[in-house]
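Inside the fold
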Protein chains: 4
Amino acid sequence: MKDIELDPRLVEDPYPFQRHLGFYMVDWREDYARMELPMAEFLTNRYGILHGGVYALMCDSVMGYCGCYTGDPETRKFGMTLSLTTNFIGRLEGKTLIAEGWKVGGGRRNYFCEAKVTDELGTLGATASGSFRYRS
Amino acid sequence: MKDIELDPRLVEDPYPFQRHLGFYMVDWREDYARMELPMAEFLTNRYGILHGGVYALMCDSVMGYCGCYTGDPETRKFGMTLSLTTNFIGRLEGKTLIAEGWKVGGGRRNYFCEAKVTDELGTLGATASGSFRYRS
Amino acid sequence: MKDIELDPRLVEDPYPFQRHLGFYMVDWREDYARMELPMAEFLTNRYGILHGGVYALMCDSVMGYCGCYTGDPETRKFGMTLSLTTNFIGRLEGKTLIAEGWKVGGGRRNYFCEAKVTDELGTLGATASGSFRYRS
Amino acid sequence: MKDIELDPRLVEDPYPFQRHLGFYMVDWREDYARMELPMAEFLTNRYGILHGGVYALMCDSVMGYCGCYTGDPETRKFGMTLSLTTNFIGRLEGKTLIAEGWKVGGGRRNYFCEAKVTDELGTLGATASGSFRYRS
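Residues numbered from 1 in each chain as written. Chains lettered and ligands numbered in written order. Predicted model: local features only at pLDDT ≥ 70, side-chain atom pairs only at ≥ 80, totals over all residues. Heavy atoms only, no water.

1. Considering the sheet that holds strand β4 (residues 96-106) of chain C
- Strand order in the open sheet made by the twelve strands is β1(C)-β2(C)-β4(C)-β5(C)-β6(C)-β3(C)-β3(D)-β6(D)-β5(D)-β4(D)-β2(D)-β1(D), with antiparallel pairing throughout. Looking at the sheet topology across the chains shown, the edges are occupied by β1 (24-29) of chain C together with β1 (24-29) of chain D. Averaged over all adjacent pairs, the angle separating strand axes in this sheet is 20°, with direction ignored.
- Here strand β4 (residues 96-106) of chain D pairs with strand β5 (residues 110-119) of chain D via nine bridges, running antiparallel. Bridged to Gly 105 of chain D within β5 of chain D is Phe 112 of chain D.
- Each of β1, β2 (32-38), β3 (79-88), β4, β5 (110-119) and β6 (124-134) of chain C together with β3 (79-88) of chain D is contacted by helix α2 (residues 52-66) of chain C, which is oriented at about 150° to β2 of chain C, the strand it contacts most.
- Contacts from helix α2 (residues 52-66) of chain D reach β3 of chain C together with β1, β2 (32-38), β3, β4, β5 and β6 (124-134) of chain D, with the element oriented near 150° to β2 of chain D. (Pairing = 2+ DSSP bridges. Helix = DSSP H or I, 4+ residues; strand = E, 2+ residues; numbered from the N terminus. Axes fitted to C-alpha atoms, helices over the stretch in contact; angles between N-to-C directions. Contact = heavy atoms within 4.5 Å.)

2. What to know about the pattern of salt bridges
All names here are of chain A.
- Using the criterion set out here, one finds eight salt bridges over all chains in the structure.
- Among the ionic pairs, Arg 34 bridges to Glu 36, the shortest N-O distance being 2.8 Å.
- Accessibility expressed as a relative area gives 14% for Arg 34, which makes it buried. (Salt bridge = Lys/Arg side-chain N within 4 Å of Asp/Glu carboxyl O. Buried < 20%, exposed > 50% of the residue type's maximum accessible area, 1.4 Å probe, protein only.)

3. Quick word on the relation of the copies chain B and chain A
- You can overlay chain B on chain A at an RMSD of 0.0 Å; the transform is a turn of 180° with a shift of 0.0 Å along its axis. Given the turn and translation reported, the copies of this chain are related as if by a two-fold rotation axis. Within chain B, Thr 85 of chain B has its C-alpha nearest the rotation axis, a separation of 2.1 Å.
- A shared binding surface is used by both copies, with 100% of the interface residues of chain B retained as interface residues in chain A. (Least-squares fit on C-alpha atoms with pLDDT ≥ 70 in both.)

4. Section: the relation of the copies chain D and chain A
- Note on the identical chains: chain D maps onto chain A by a rotation of 180° and an axial translation of 0.0 Å, with an RMSD of 0.0 Å.
- In this assembly the copies share their binding face: 100% of the residues contributing to the interface of chain D also contribute to that of chain A.

5. Some points on the pairing of β4 of chain D
- As defined by bridge partners, β2 of chain D adjoins β4 of chain D across seven bridges and the pair is classed as antiparallel. Its bridge partner lying in β4 of chain D, Arg 34 of chain D is registered against Glu 100 of chain D.

6. Digging into empty space enclosed by the protein
Residues and elements named next belong to chain C.
- This model, assessed by the stated rule, comprises one cavity of 30 Å³ or more.
- For the largest cavity, the calculated volume is near 60 Å³.
- Along its surface, the largest cavity is lined by Leu 10, Val 11, Glu 12, Asp 13, Pro 14, Gln 18, Met 25, Trp 28, Met 35 and Tyr 65. (1 Å grid on protein atoms, 1.4 Å probe; cavity = no way out; pocket = protein on both sides within 12 Å on 5 of 7 lines; lining within 4 Å. Points joined across faces, edges and corners; volume = space filled by probe spheres on them.)

7. Things to note about the interface of chain D and chain A
- Facing 14 residues of chain D, the contacting portion of chain A comprises 14 residues.
- The largest share of the area that chain D buries against chain A comes from Asn 87, Ile 89 and Phe 112 of chain D, three residues that together contribute 42% of it.
- On inspection of chain D and its partner chain A, the count reaches zero salt bridges.
- Sort the elements by how many residues they give to the side of chain D that touches chain A and β6 of chain D lands first, with five residues.
- Per-class residue counts for the side of chain D that touches chain A are five nonpolar, eight polar and one charged. (Buried area = accessible area lost by both parts, 1.4 Å probe. Nonpolar A, V, L, I, M, F, W, Y, C, P; charged D, E, K, R; others polar.)

8. Some thoughts on the packing of α2 of chain C against α2 of chain D
- Across the interface, α2 of chain C lies against α2 of chain D with an axial gap of 8 Å and an inter-helix angle of 155°. With respect to their mutual orientation, α2 of chain C and α2 of chain D come out roughly antiparallel. As for how α2 of chain C packs across α2 of chain D, the hand of that crossing is right-handed. Of α2 of chain D, the residues touching α2 of chain C (which contributes Gly 52, Gly 53, Ala 56, Leu 57 and Asp 60 of chain C) are Gly 52, Gly 53, Ala 56, Leu 57 and Asp 60 of chain D.
- Looking at the contact of α2 of chain C with α2 of chain D residue by residue, the class counts come to four nonpolar, four polar and two charged. (Parallel < 35°, antiparallel > 145°, perpendicular 65-115°, else oblique. Left-handed = near helix turned anticlockwise from the far one by under 90°.)

9. A closer look at the sheet that holds strand β4 (residues 96-106) of chain A
- Ordered by their spatial adjacency, twelve strands build an open sheet running β1(A)-β2(A)-β4(A)-β5(A)-β6(A)-β3(A)-β3(B)-β6(B)-β5(B)-β4(B)-β2(B)-β1(B), and the pairing between neighbours is antiparallel. The open sheet terminates on both sides in strands that have one partner only, identified here as β1 (24-29) of chain A together with β1 (24-29) of chain B. Averaged over all pairs of adjacent strands, the angle between strand axes in this sheet comes to 20°, irrespective of strand direction.
- The sheet strands contacting helix α2 (residues 52-66) of chain B are β3 (79-88) of chain A together with β1, β2 (32-38), β3 (79-88), β4 (96-106), β5 (110-119) and β6 (124-134) of chain B, and the helix crosses β2 of chain B at an angle near 150°.

10. Considering the interface of chain B and chain A
- The interface of chain B with chain A comprises 39 residues on the first partner and 39 residues on the second.
- On inspection of chain B and its partner chain A, the count reaches zero salt bridges.
- Linking chain B with chain A are 20 residue pairs in polar contact (both at pLDDT 80 or more), by the criterion used here.
- If you list the elements that add at least two residues to the side of chain B that touches chain A, you get α1 (16-21), α2 and β3 of chain B.
- In terms of residue count, the dominant contributor to the side of chain B that touches chain A is β3 of chain B (nine residues).
- In terms of residue class, the side of chain B that touches chain A is built from 18 nonpolar, 13 polar and eight charged.
- Pairing geometry for β3 of chain A and β3 of chain B, over five bridges, is antiparallel. Of the residues in β3 of chain B, the one forming a bridge with Asn 87 of chain A is Ser 83 of chain B. (Polar contact = N/O pair within 3.5 Å; in protein donor to acceptor, adjacent residues only side chain to side chain.)

Shown next, in the form of structure tokens:
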């Protein structure tokens, strides 16, 4: 993915939940974030397919980040999810889950994002939207 | 919790995502399910607190089950989440996350549930609602 | 409904959208609001039944109010909806649509509510949840 | 709007709720629908601005239609909303509210849509998503 130039200084160390599930930041810029998660057997549910919560947590993760980009590792911005809606649209059968989030609006106190989850085959697995607030 | 009598024949083996995160069924009956998750450091986010996705995935799990109770281990019913909304209300500081789901309506093809996440201290962490469909 | 004692000084004049559709406040107290709407032909959709938007707008209305009760007509509090989710559960066939909203959490800047829509026959038509912010 | 060619045979008579509020179909094609609503004083709330429910009902309307296009007035398809989430992003100050809906996925029984509400000035007022089922 040569077209992605994620400033390495902006990449934070993966937090514990990232490490436990295996997802990581791939792109982060003004109003946009992308994270990826290698498919693994431990992510599956009662039916042997990806647990619905995996879509939701990946959407929550990229949406939280996409409204908090500053471009400066010394100046960090923090957001908290207020409300998150995930729609479960298709079944992903690729090897990598790709979650992308976009900030679509907001002001000084709150922001709004949308997200989608696909795989490297281009299948749409889920869409999401959320409202967030900045931590003061 | 002596007041809970979950028929052991109904308890399915934990599926992979359950084992990986540590949540398990505590109660399951007509239109109701309860699962619990011991708090652990690997569930935390960028801020050192429970990742929002954990609330969402626990709500999704109990809501999926609560519409599929049959009381008969030989007759299993299956549901798929169509849409899931989670509201992030409070911060849990207890040792056990408790997710409860209720079926509130539906018919032969679709059903609707609500859920809440608390801890053993009684704090309300999140509420959720979802629409589901039965797998044929 | 003798058990409802809504202080008449708290009842605001119906705003234009209320007048146009016919809904009115029936009860309003700390963390709770109830509004009613007489069923009318002009509320129906392509299928001759209540338009889904009617459920959503009634839920939005009671949830907005229930977080803004002060008990003092001189001190008014104002809220704005950030995100609203409505689940369409059943078809109402009564003569009066009843919307009730409850505040379930929040702090100084944001609040969270739930709502349900029934009719005088007790049928559940819809449930809803929302995140809100106080206007400063 | 010369670029829109809505087959007049496909335009259904406005249903009662449309007539009462004044919104009408502007475009309808495979997986897409657009409706418009002239701003009017009777659409306003307690704060003298557009009632939040207006955004929600317009989103619900276009999303319902966009999954039911057949291109043949003799063959009609019908959908019912299961779950609708609306995010309230900005305040519209134009003269016409424009709601657009897109079907983003689904199968034989259920479908998923997204919508946005803007005005003729290009301001984004709301986004929405929903899950729907086809009426059999």
